[in-house]
Amino acid sequence: MNRRHPSEATLLAYVAGTLPVPHSIVIRTHLAVCGECRETIRLATALGGALLEHAPPAAMAGDALERTLAHLGEPERSPAPARIPTTVQDFATGRWWCLGPGIRLMPLIRRDRDDARLDLIRVAPGVALPGHGHTGSEITCVLQGAFGDETGEYHAGDVAEGDEDLDHQPVALDTGRECICLIATTGRLRGHSWLARLVQPMFGI
Ligand SMILES: [Zn+2]
């Protein structure tokens, strides 16, 4: 089975630091399980470094060298890198809200300064979400189980990306486990389904 990856444009935006925080968290979760995308990130970072080397020199403060030298020999201040959260248990630290039979939502970031948010959604096997679209972008990483929509099937570790042109009706596949996804979105839910009517006032989605 082929893994489903983020687009190159999204990976480059991740490297450049231009993705909203929720979207970066979803990409980082995928990177933890995908060597292929980690290699793309490594190449993109190396290319960025090479471009910097050939950039014209910029003026620096007169005492920059002196201040840098003064820091030499100081103990390392950065803490040891924390383990990257990748599992349902890592993320599911809040409260699950029931949205309907077999559908639960846990808001993790309720709109940051980029108007982006991060949610966990948990859907019982065989249950379909009502068809909907978004007024912005949507990046999903499957943490457990699998789902399918008009664009294909997505299994644990896979990433699905959509923009305002995507109208879809995801269905949790019958893998014997609930489908649990980490979803970063910008904009609002589009559509007049009961899902939109229910979650917009409650969660501001
Ligand atoms: Zn990948």
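Just above, that's the structure.
This section reports on the structure supplied with the text. (Residues numbered from 1 in each chain as written. Predicted model: local features only at pLDDT ≥ 70, side-chain atom pairs only at ≥ 80, totals over all residues. Heavy atoms only, no water.)

### Concerning the sheet that holds strand β6 (residues 146-149)
The strands making up a sheet associate through backbone hydrogen bonding, with each pair oriented either parallel or antiparallel. With antiparallel pairing, 3 strands are arranged side by side in an open sheet as β7-β6-β10. Every other strand in the sheet has two partners, leaving β7 (152-155) and β10 (171-172) as the edge strands with one partner each. Bridge count between β6 and β7: 4 bridges; the pairing is antiparallel. Its bridge partner lying in β7, G148 is registered against E153. (Pairing = 2+ DSSP bridges. Helix = DSSP H or I, 4+ residues; strand = E, 2+ residues; numbered from the N terminus.)

### Structural notes on the coordination of the zinc ion
On the protein side, the zinc ion has H5 (ND1), H30 (NE2), C34 (SG) and C37 (SG) as donor atoms, found 2.1 to 2.3 Å from it. For the zinc ion, the 4 donor atoms are set out with angles of 98 to 120° between them, so the coordination reads as tetrahedral. Of note, the donors binding the zinc ion are all from one chain and are spaced H-x24-H-x3-C-x2-C. Of this pair, H5 sits in the segment before α1 (8-16) while H30 sits in helix α2 (residues 21-31); the two residues are 25 residues apart in sequence, bridging distant segments of the chain. Taking relative accessible area as the criterion, H5 reaches 27% and is therefore assigned partly exposed. For H30, a relative accessible area of 0% corresponds to the buried category. (Donors = N, O, S within 2.8 Å, 3.2 Å for Na, K, Ca; no water. Tetrahedral: all angles 85-135°; square planar, octahedral: opposite > 155°, others 65-115°. Buried < 20%, exposed > 50% of the residue type's maximum accessible area, 1.4 Å probe, protein only.)

### Overview of the pattern of salt bridges
A full pass over the atoms with the stated rule returns 6 salt bridges. A salt bridge links R67 to D63; the nearest nitrogen and oxygen atoms lie 3.3 Å apart. R67 gets classed as partly exposed once you look at its relative accessible area, which sits at 48%. Residue classification places D63 among the partly exposed residues on the basis of a relative accessible area of 33%. R111 serves as the salt-bridge partner of D115, at 3.0 Å between the closest nitrogen and oxygen. (Salt bridge = Lys/Arg side-chain N within 4 Å of Asp/Glu carboxyl O.)

### As for a nonpolar patch on the surface
Residues L65, L69 and L72 make up a contiguous nonpolar surface patch of roughly 340 Å² in combined accessible area. Secondary-structure assignment places L69 in helix α4 (residues 64-71). (Patch = residues over 30% accessible without salt bridge, like charges linked within 9 Å, V, L, I, M, F, W, Y side chains within 5 Å. Areas by Shrake-Rupley, 256 points an atom, 1.4 Å probe, with all protein chains shown as cover.)

### Considering the packing of α1 against helix α3 (residues 35-53)
In the contact formed by α1 and α3, the axes pass within 10 Å of each other and the chain directions differ by 55°. Regarding the angle of α1 to α3, the classification is oblique. When you trace α1 past α3, the crossing you get is right-handed. Each of L11, L12, Y14 and V15 in α1 lies in contact with α3, whose residues at this interface are C37, T40, I41, A44 and T45. Looking at the contact of α1 with α3 residue by residue, the class counts come to 7 nonpolar, 2 polar and no charged. (Axes fitted to C-alpha atoms, helices over the stretch in contact; angles between N-to-C directions. Parallel < 35°, antiparallel > 145°, perpendicular 65-115°, else oblique. Left-handed = near helix turned anticlockwise from the far one by under 90°. Contact = heavy atoms within 4.5 Å. Nonpolar A, V, L, I, M, F, W, Y, C, P; charged D, E, K, R; others polar.)

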